[in-house]
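A structural walkthrough
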Amino acid sequence: MKIKAAVVRQKNGLFELEDLVLNEPAEDQILVRVVATGMCHTDLICRDQHYPVPLPMVFGHEGAGVVEKVGSCVKKVQPGDHVVLTFYTCGGCEACLSGDPTSCANSFVPNFMGRSVTGECTIHEHDGEEVGASFFGQSSFATYALSYERNTVKVTQDVPLELLGPLGCGIQTGAGSVLNALNPPAGSAIVIFGAGAVGLSAVMASVVAGCTKIIAVDVKENRLKLAHEVGATHVIDATNTDPVEEIKKLCADGASYVLETSGLPSVLSQAILSSAIGGEIGIVGAPPMGTTVPVDVNFLLFNRKLRGIIEGQAVSDIFIPRLIDLYRQGKFPFDKLIKFYSFDEIDRAAEDSEKGITLKPVIRMA
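The structure contained in this document is the topic of the report that follows.

Thresholds applied
Throughout this description, residue numbers start from 1 for each chain and increase along the sequence as written. Two thresholds apply to this predicted model, a pLDDT of at least 70 for residue-level local features and 80 or more for giving and counting side-chain atom pairs, whereas whole-chain, interface and lining totals are computed over all residues. Calculated side-chain values reflect all of the structure's heavy atoms, with hydrogen atoms and water omitted. Starting at the N terminus, helices and strands are each numbered in turn, a helix being any DSSP run of H or I of at least four residues and a strand any DSSP run of E of at least two. It is over C-alpha atoms that the radius of gyration is taken, and the globule rule equals 2.2 Å times the number of residues to the power 0.38. Any two residues whose heavy atoms approach within 4.5 Å are treated as being in contact. With residues, only the protein chains shown are counted as cover, and all accessible areas are computed by Shrake-Rupley using a 1.4 Å probe. In summary, the charge assignment counts Lys and Arg as positive and Asp and Glu as negative, without counting His or the chain termini. Where a charge sits is defined by one atom per residue type, namely NZ (Lys), CZ (Arg), CG (Asp) or CD (Glu). Distance thresholds for patches are 9 Å for like charges and 5 Å for nonpolar side chains (Val, Leu, Ile, Met, Phe, Trp, Tyr), applied to residues having over 30% relative accessible area and no salt bridge. Salt bridges are defined as contacts in which a side-chain nitrogen from Lys or Arg sits within 4 Å of a carboxyl oxygen from Asp or Glu. What counts as an axis is a line fitted to C-alpha atoms, over the stretch in contact for a helix, and the angles between N-to-C directions run from 0 to 180 degrees. The scheme is simple: roughly parallel for angles under 35 degrees, roughly antiparallel for over 145, roughly perpendicular for 65 to 115, oblique for anything else. Residues are grouped as follows: nonpolar covers Ala, Val, Leu, Ile, Met, Phe, Trp, Tyr, Cys and Pro; charged covers Asp, Glu, Lys and Arg; every other residue, Gly included, is treated as polar. At least two bridges found by DSSP between two strands are what make those strands a pair. In plain terms, two cysteine sulfur atoms within 2.5 Å form what is called a disulfide here. Here, expected helix span is obtained from the residue count minus one, scaled by 1.5 Å. Exposure is judged per residue with a 1.4 Å probe applied to protein chains only, and the accessible area is read against the type maximum: over 50% gives exposed, under 20% gives buried, and values in between give partly exposed. For the handedness criterion, the strands are oriented away from the viewer, and a crossover whose path from the first strand over the helix to the second runs clockwise is classed as right-handed. Throughout, the arc means the angular range of directions from the helix axis out to the C-beta atoms.

Some points on the overall build of the chain
Along the chain, the regular secondary structure elements total 11 helices and 17 strands. Against the compact-globule benchmark of 21 Å for 366 residues, the chain has a radius of gyration of 20 Å, which places it among compact chains. Counting only C-alpha atoms and orienting by the principal axes, one finds that the chain spans roughly 65 × 35 × 35 Å. When contacts within the chain are restricted to residue pairs at least 6 apart in sequence, long-range pairs at least 24 apart make up 70% of them. Carbon and sulfur atoms make up 51% of the accessible area of the chain, which amounts to about 14900 Å² in all. Across the chain, the mean location of the 30 positive side-chain charges is 5 Å away from that of the 42 negative side-chain charges.

So, in structure tokens, the structure goes:
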């Protein structure tokens, strides 16, 4: 079928809107009419080749839309259902079978390598030339996308669908890193480095968790102001101050829970140093492949735990509907992070995101 999609053809290139051809759904695939798609940091770092994904590629992995057609083996959804698209996992490895799909052993190739689960290219030019697709099992920077039961979450129809795409990755990552991975007890202190969409989702989740000291660290005034608005009890502008020293003024022994969302090695070092003995430091910020940080092993030896967190350690079919329920109750106001752009404004959305002007761009497809 004919679709319009945003294609990146070269490293650091523009998102070029092109008329392309999408395959009909295979027996295990779901055809989704995309209503809106969040733009995530991962789209941009893959565009810029920080991760070695093939180009050209149709990115987009925070899609929200309406099911149009399903393959013969699909039972989970039916035409007319509202859905959020998220990351793909195999469902058959030990981690998936144990209930931790974010540790899927087979997720990298189907999420990043531009082919369907069976190895086919699902998007072509009109002359048959292949264009990388199936990014995160969806490639939702397009008017239509093909997904799978494993990465398609049915959602309620009484919340605006155009809001919900970011729940598929960035907001799920921030909120889940707190509620699922770090899991701080009520009354505890948490520090969140980076007050972008992921970091502020973590701030809101910390409120839900009952943390009584929620410290947000960033260098942009607009982000810190919004951090206060969505629940941070303290904010630290790291432009002219040492955040580790400031955190120690608020938490004399350091914080028991720390989350690093910026992807900057120097900030990760600060996050580690701001942790308390026995504390836990979660990493979700994604720098280029091969990035390292110096770590004082003896500092970590005192029962500190340094861990990576993928997709908020979420089981999306459970977690995304829970976040929607929290939103409906006014307890998780993630809509405050969103700014809408039309499809032909996608490059401006990317630029605004990189400049920190917009926290979570959402691209409306029509």
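The structure having been displayed, the exposition proceeds.
Side note on a nonpolar patch on the surface
Together, F108, V109 and M289 line one region of the surface with nonpolar side chains, adding up to about 290 Å² of accessible area. You can see F108 is positioned in helix α3 (residues 108-112).

Some remarks on the packing of helix α4 (residues 170-182) against helix α10 (residues 316-328)
With their axes 11 Å apart at the nearest point, α4 and α10 run at an angle of 100 degrees to one another. Between α4 and α10, the angle is such that the two are roughly perpendicular. On α10, the residues that touch Q172, A175, G176, L179 and N180 of α4 are S316, F319, I320 and L323. For the contact of α4 with α10, the class distribution of residues is five nonpolar, four polar and no charged.

Comments concerning the sheet that holds strand β1 (residues 2-7)
Across the sheet, four strands lie side by side as β1-β2-β6-β7; this open sheet has antiparallel pairing. Edge positions in the sheet fall to β1 and β7 (130-131), since each has one partner strand and no second. One ladder, built from two bridges, connects strand β6 (residues 123-124) with β7; its direction is antiparallel. Looking at β7, one finds that H124 is bridged to E130.

Quick notes on the state of the cysteines
Following the criterion strictly, the structure yields zero disulfides and no others. Not engaged in a disulfide, the cysteine C104 finds its nearest cysteine sulfur in C90; these two sulfurs lie 3.6 Å apart. With no disulfide of its own, C169 has C40 as its nearest cysteine by sulfur position, at a separation of 3.9 Å.

Digging into helix α5 (residues 197-209)
Note on helix geometry: an α-helix contains 3.6 residues per turn, so any two residues three or four positions apart are oriented the same way. When the terminal C-alpha atoms of α5 are compared, their 18 Å separation across 13 residues agrees well with the 18 Å that a helix rising 1.5 Å per residue should span. Of all 13 residues in α5, 10 are buried; the element is thus mostly enclosed. Within α5, the full set of buried residues consists of A197, G199, L200, S201, A202, V203, M204, A205, S206 and A209. Where α5 ends, the next residue or the one after it, G210, has phi of about 90 degrees, a positive value.

Thoughts on the environment of G13
For G13, the position within the fold is in the loop between β1 and β2 (16-22). Taking the C-alpha atoms as reference, G13 lies 9.8 Å from P56; in sequence the two are 43 residues apart. Contact partners of G13, with chain neighbours within four places excluded, come to V8 and R47.

Overview of the side chain of S177
In this structure, S177 sits in helix α4. Judged by relative accessible area, S177 falls into the buried class, the value being 0%.

A look at the sheet that holds strand β11 (residues 213-218)
The six strands are arranged β12-β11-β10-β13-β14-β15 in an open sheet whose pairing can be described as parallel. Of all strands in the sheet, those bounded by a partner on one side alone are β12 (234-237) and β15 (305-308). Between one strand and the next, the sheet's axes are offset by a mean angle of 15 degrees, whatever the strand orientation. As paired strands, strand β13 (residues 255-260) and strand β14 (residues 275-283) are joined by five bridges and run parallel to one another. When the sheet's bridge partners are listed, A255 is paired in β14 with S275.

Quick word on the pattern of salt bridges
One side chain can pair with another of opposite charge once the charged atoms of both are near each other. As enumerated under the stated definition, the model contains 21 salt bridges in all. The partner of R328 in a salt bridge is D158, and the shortest N-O contact between them spans 2.7 Å. Taken together, the residues R328 in helix α10 and D158 in the loop between β9 (152-154) and α4 connect sequence positions 170 residues apart. For R328, a relative accessible area of 45% gives the class partly exposed. Shared partners join several salt bridges into a network, and the residues in it are R9, E18 and E125.

Overview of the pairing of β13
Counting buried residues in β13 gives five out of six residues, a clear majority hidden from the surface. Direction of pairing for strand β10 (residues 189-193) relative to β13: parallel, over a ladder of four bridges. Pairing of F193 across the sheet is with E260, part of β13. In this view, the connection linking β13 to its parallel neighbour β14 by way of helix α8 (residues 265-273) has right-handed handedness.

As for α10
Relative to the 18 Å expected for 13 residues at 1.5 Å per residue, α10 spans 18 Å between its end C-alpha atoms, a close match to the ideal helical length. Looking only at α10, the buried set comprises S316, F319, I320, L323, I324, L326 and Y327. Buried positions in α10, seen along its axis, are confined to an arc of 160 degrees and lie on one side of it. Where α10 is buried, its residues meet β5 (82-85), β9, α4 and α5.

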